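The lines below spell out each chain.
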Amino acid sequence: MPRKIIKERVPTPERPPEERNKDFNEVNLGYTLELAKKEAERCLQCKPAPCIQGCPVYIDIPAFIAKIIEEDIKGALEVIWRNNSLPAITGRVCPQEDQCEGVCTMGKIGDPINIGKLERFVADYARKHGIDEELLQEQIKGIQPNGKKVAVIGAGPAGLTCAAELAKMGYEVTIFEALHEPGGVTIYGIPEFRLPKEIVRRELENLRKLGVKIETDTLVGKTITFEELKQEYDAVFIGTGAGTPKFVKWEGINLNGIYSANEFLTRVNLMKAYQFPEYDTPIKVGKRVAVIGGGNTAMDAARSALRLGAEVWILYRRTKKEMTARIEEIHHAEEEGVKFMFLVSPKRFIGDEHGNLKAIELEKMKLGEPDETGRRRPVPTGETFIMEFDNAVIAIGQTPNKTFIQSVPDLLVDRWGRIVVDDKLMTSIPGVFAGGDAIRGEATVILAMGDGRKAAKSIHEYLSGNA
Ligand SMILES: Cc1cc2nc3c(=O)[nH]c(=O)nc-3n(C[C@H](O)[C@H](O)[C@H](O)COP(=O)(O)OP(=O)(O)OC[C@H]3O[C@@H](n4cnc5c(N)ncnc54)[C@H](O)[C@@H]3O)c2cc1C
Ligand code: SF4
């Protein structure tokens with residue numbers, strides 16, 4: 001009998017906007033087993049499956065979906081873990097609409113399969129029922145130590161993935177992380193309401209159980225030198241990310257009340273300033289907040305400021321169509337009451353007699369020819385107006401972290417500060433590899449993880465004499 005095609009995806013329950021915009025708890029509640037099975041049954045089990053090619057780490061998507069239908073969640077997790085060690089994170093934050101779901105066959109006749117939410121379901125269900133622990137113990141038993149040591153710089157998605165893959169191959173791996181907590185952007189940048197930190201910590205705990213050591217509060221290039229690492233380890237992986245905020249030299253940029261998105265989100269997420277004075281890091285947010293930018297970072301800053309009680313405006317120099325933030329996040333921000341103003345750019349920040357921000361002079365823009373990103377370039381019109389604001393959060397992009405790079409003169413970087421690598425992800429220094437935002441500039445979690453996996457394979461080939 002021909003199978004029945006179900007065009008509409010099974011929705012995931014979400015907390016209502018008027019409730020969730022007052023706290024930092026997770027917005028999307030995810031599938032139950034029953035709902036996940038219903039969504040999994042929509043999958044056509046295509047051969048070959050385009051969704052696998054759409055995934056930057058090539059997860060066997062139809063295979064894990066088939067296991068959900070059989071209620072074999074351990075089997076589903078085993079399939080996912082072959083290619084992705086952090087599925088509870090990627091299931092939540094990947095821009096699936098541009099990846100696996102963007103090329104899913106079902107998308108041509110109806111809604112694509114909700115692959116991200118199914119991946120998240122497997123990871124969450126496994127965690128709740130201790131299934132991940134069971135599978136981990138089986139993997140640990142299979143590890144044969146090979147006596148070689150690898151140092152990983154930076155505990156973001158790139159470094160963590162590289163470390164996990166190497167540990168499974170028997171390497172003794174130590175990660176050096178500048179902050180007091182590992183996770184990179186997933187811990188200090190992406191807010192709780194999108195990615196609960198308890199979930200990130202559990203995925204990190206799994207890596208520790210694989211034998212990966214994590215040395216926090218260690219800024220390589222200052223606390224410890226690169227030369228020391230090179231002498232002590234057989235190979236090095238650099239996953240230092242792109243955590244330096246970009247600024248424009250706008251007049252008044254140093255007024256009180258103006259934050260970089262990086263500072264704003266670090267205070268909120270890593271230091272839990274939204275629970276001040278229970279936590280001792282403060283954050284000052286007035287009645288009206290302007291967030292400058294149109295990416296994920298801008299959306300996260302805006303939605304965080306809203307939860308701190310402010311009226312929030314996203315000020316973006318292009319139109320909604322050119323925004324780089326995930327569609328789901330733009331939609332959530334709109335639902336929660338963030339206001340959007342397009343085709344505007346700050347001209348100067350205006351302060352009061354105490355040096356506090358009180359207004360922003362904005363210039364109207366129009367769209368010109370496409371730039372190197374393929375998006376139409378914003379062109380100033382010369383027409384300006386003034387809007388009152390108590391705070392501004394600058395979220396116009398980030399560049400690779402410099403402290404480490406500048407401490408290694410032999411390391412080749414391009415003019416944007418990105419580390420230059422060959423097709424094996426080896427840098428200009430033999431035995432030293434790099435990946436993630438450090439080589440790409442600001443990109444995505446899954447691309448960073450893909451680099452981590454690829455570099456682990458290259459390191460293994462290099463140290464086995466097969467490079
Ligand atoms: C606010 C925000 C929201 C985002 N939302 C999404 C999203 O929804 N989906 C998505 O896919 N991507 C998103 N991204 C992008 C994504 O988070 C990054 O592409 C990804 O984290 C890059 O991983 P990474 O491991 O290369 O670097 P990072 O995550 O930046 O990790 C680098 C780590 O290296 C450490 N480090 C740096 N220098 C040193 C040193 N000298 N010594 C020791 N440690 C060092 C840093 O402290 C950090 O922990 C977002 C980014 C931001 C900022
Ligand atoms: S492309 Fe879509 S329908 Fe086909 S196997 Fe992948 S998820 Fe299932």
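(A) The packing of helix α5 (residues 73-83) against helix α7 (residues 115-128), seen in detail. Contact pair α5 / α7: the axes reach a minimum separation of 9 Å and the direction vectors enclose 120°. Between α5 and α7, the angle is such that the two are oblique. Seen along the crossing, α5 lies across α7 with a hand that is left-handed. Between α5 and α7, the residues in contact are I73, A76, L77 and I80 and E119, F121, V122, A123, Y125 and A126, respectively.

(B) Broad picture of the sheet that holds strand β7 (residues 288-292). Taken together, the 5 strands give an open sheet; going across it, the order is β6-β13-β7-β8-β9, and neighbouring strands pair in parallel fashion. Two strands close off the open sheet at either side, each with one partner strand: β6 (258-260) and β9 (339-342). With strand direction ignored, the average angle separating the axes of adjacent strands in the sheet is 20°. Of the strand pairs in this sheet, β6 and strand β13 (residues 391-394) are connected by 3 bridges, and their pairing is parallel. Across the sheet, residue S260 finds its bridge partner in β13, namely I394. Contacting β7, β8 (311-316), β9 and β13, helix α14 (residues 296-307) runs over the sheet at an angle of about 165° to β8.

(C) Expanded view of the site of ligand 2. In the vicinity of ligand 2, the contacting residues are C43, L44, Q45, C46, P50, C51, P62, C104, T105, I113 and I115. Per-class residue counts for the shell around ligand 2 are 9 nonpolar, 2 polar and no charged.

(D) Main features of the site of ligand 1. The full set close to ligand 1 counts 36 residues, and V93, A158, E177, R194 and D437 are the nearest of them. Contact distances for ligand 1 include 2.9 Å between a nitrogen atom and a backbone N or O atom of V220. A distance of 3.2 Å separates an oxygen atom of ligand 1 from a polar backbone atom of A443. Protein contacts shield 96% of the accessible area of ligand 1, which totals 1000 Å² for the unbound molecule. Put simply, the parts of the chain that give the shell around ligand 1 at least two residues each are α9 (157-168), α14 and α18 (445-463). Split into classes, the residues belonging to the shell around ligand 1 amount to 18 nonpolar, 13 polar and 5 charged.

Basis of the calculations
Starting afresh in each chain, residues are numbered from 1 along the sequence in its written order. To label them, take the chains in the order written and letter them from A, then take the ligands in the order written and number them from 1. For a predicted model such as this one, the threshold for reporting local features is a pLDDT of at least 70, and the threshold for listing and counting side-chain atom pairs is 80 or more; totals across whole chains, interfaces and linings nevertheless cover every residue. Each side-chain value is worked out from all heavy atoms of the structure, with water and hydrogens disregarded. Note on geometry: axes are C-alpha line fits, over the in-contact stretch for helices, and angles between N-to-C directions span 0 to 180 degrees. Runs of E in the DSSP output that reach at least two residues are strands. Runs of H or I that reach at least four are helices, and both are numbered from the N terminus. Put simply, angles under 35 degrees are roughly parallel, angles over 145 are roughly antiparallel, angles from 65 to 115 are roughly perpendicular, and the rest are oblique. Should the near helix be turned counterclockwise from the far one by less than a right angle, the crossing is left-handed, whereas a clockwise turn marks it as right-handed. Note on definitions: a residue-residue contact is assigned when non-hydrogen atoms from the two residues lie within 4.5 Å. Strand pairing requires that DSSP identify at least two bridges connecting the strands. It suffices for a single heavy atom of a residue to lie within 4 Å of a molecule or strand for the residue to be listed as near it. Polar here means any residue other than Ala, Val, Leu, Ile, Met, Phe, Trp, Tyr, Cys and Pro, which are nonpolar, and Asp, Glu, Lys and Arg, which are charged; Gly is therefore polar. Any pair of N or O atoms that falls within 3.5 Å is considered a polar contact. Within protein, one atom must be able to donate a hydrogen and the other to accept it, and sequence-neighbouring residues count only if both atoms are side-chain atoms. Values of accessible area rely on a 1.4 Å probe in the Shrake-Rupley scheme; residue burial ignores everything except the protein chains shown.

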